[in-house]
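# Chains, contacts and geometry: an overview
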Amino acid sequence: AGAARPGGTCLLLGATGVGKSLLGKRLRKLCSRDGAKELGEPPATMPTVGTNLTDLTLHKRVTLRELGGCMGPIWPSYYGECSAVLFVIDAANPTQVSSSCVQLLSLLSAEQLAAVPVLILFNKIDLPCYMSLVEMKSLFRMQDIVSCATQPITILETSARDGTGLADVLQWLQATLRDPS
Ligand SMILES: Nc1nc2c(ncn2[C@@H]2O[C@H](COP(=O)(O)OP(=O)(O)OP(=O)(O)O)[C@@H](O)[C@H]2O)c(=O)[nH]1
Ligand SMILES: [Mg+2]
């Protein structure tokens, strides 16, 4: 199905307001040719209604397809055409933990994603009230989730605001979407 777009397609998923759109803009800036050393003030974002495509130039072209948090019910219609998933969680929003956890469990159990590598991002770690990786992992029972999952799962902490962890995200995409050789 992905034949229409060369390169690889990575779905960018997560509840509304977790920072998917800002992350997409930051990643594009980081791998743009002027090789932004300074990210500067974060550009404004609007809640994404529908889907939003961002092309990244890595070793090959990688398309990030964000599906707005409010589009949750139709996420599965895009599962067939992706080779990786970025799942974003707001580490500074304790009230969203249970709904994010349900979303994560349902995507991990989707048949079409059974072998698709997943990168989980605990985002917004620049905020003073963010929950540490240890806290987040225990709130999500991440150990159980990872051991029951059929797909490879990687976990990172990020700030789309100040750029923390974003180079590691690019590195993961590059390694994950490498052509089999
Ligand atoms: N402090 C901080 N704010 C962030 C970070 N990432 C995103 N934001 C802010 O959070 C708000 C929502 O970000 P978006 O990127 O629009 O969220 P989204 O996940 O795309 O939301 P939907 O499109 O509605 O699903 C914006 O005001 C962003 O500037 C971060 O790492 N730290
Ligand atoms: Mg958005």
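Every chain begins its residue count from 1, and numbering advances along the sequence as written. Lettering for chains starts from A, numbering for ligands starts from 1, and both go in the order in which the items are written. Reporting of local features is limited, given that this is a predicted model, to residues whose pLDDT is at least 70; pairs of side-chain atoms are given and counted only at 80 or more, and all residues count toward the totals for whole chains, interfaces and linings.

The name an unreviewed UniProt entry gives the chain is ADP ribosylation factor like GTPase 16, with Phasianus colchicus as the organism.

### As for the packing of helix α1 (residues 20-30) against helix α5 (residues 166-176)
The geometry of a pair of packed helices is captured by two quantities: the angle between their axes and the separation between those axes. All axes are obtained by fitting lines to C-alpha atoms, using only the stretch in contact for helices, and the reported angles, taken between N-to-C directions, cover 0 to 180 degrees. The way it works is that DSSP assigns letters per residue, a run of H or I at least four long becomes a helix, a run of E at least two long becomes a strand, and they are numbered from the N terminus. At a closest axis distance of 10 Å, the pairing of α1 and α5 adopts a crossing angle of 80°. By the angle between their axes, α1 is roughly perpendicular relative to α5. Residues R26, L27 and L30 of α1 pack against L166, V169 and L170 of α5. Orientation categories follow fixed angle ranges, with anything under 35 degrees roughly parallel, anything over 145 roughly antiparallel, 65 to 115 roughly perpendicular, and all other angles oblique. What counts as a contact here is a pair of residues whose C-beta atoms, placed from the backbone, lie within 7 Å.

### What to know about the nonpolar core
Counting residues in each nonpolar core, the largest one holds 39 residues, and the members touching the most others are C10, L13, V85, L86 and F87. Residue assignment for this core shows that the elements contributing at least two residues are β1 (8-14), α1, β3 (61-67), β4 (84-90), α2 (97-108), β5 (118-123), α3 (133-140) and α5. Per-element tally for this core: the top contributor is β4, with 6 residues. Excluding anything up to four places from it in sequence, V85 contacts C10, L11, L13, L107, L113, V116 and V118. Buried Ala, Val, Leu, Ile, Met, Phe, Trp, Tyr and Cys residues form a nonpolar core when they are connected through C-beta atoms within 7 Å. Residues are called buried when their C-beta atom has 20 or more other C-beta atoms within 10 Å, exposed when it has 12 or fewer, and partly exposed otherwise; all C-beta atoms are positioned from the backbone.

### Side note on the site of ligand 1
Here is the check we use: build the C-beta atom from the backbone, and if it is within 6 Å of the molecule or strand, call the residue near. Around ligand 1 lies a shell of 21 residues, among which G19, S21, T45, T48 and G69 are the nearest. Ranked by the residues each element gives to the shell around ligand 1, the list is headed by α1, at 3 residues. All amino acids are sorted into three groups, where Ala, Val, Leu, Ile, Met, Phe, Trp, Tyr, Cys and Pro are nonpolar, Asp, Glu, Lys and Arg are charged, and the leftover types, Gly among them, are polar. Looking at the shell around ligand 1 residue by residue, the classes come out as 6 nonpolar, 11 polar and 4 charged.

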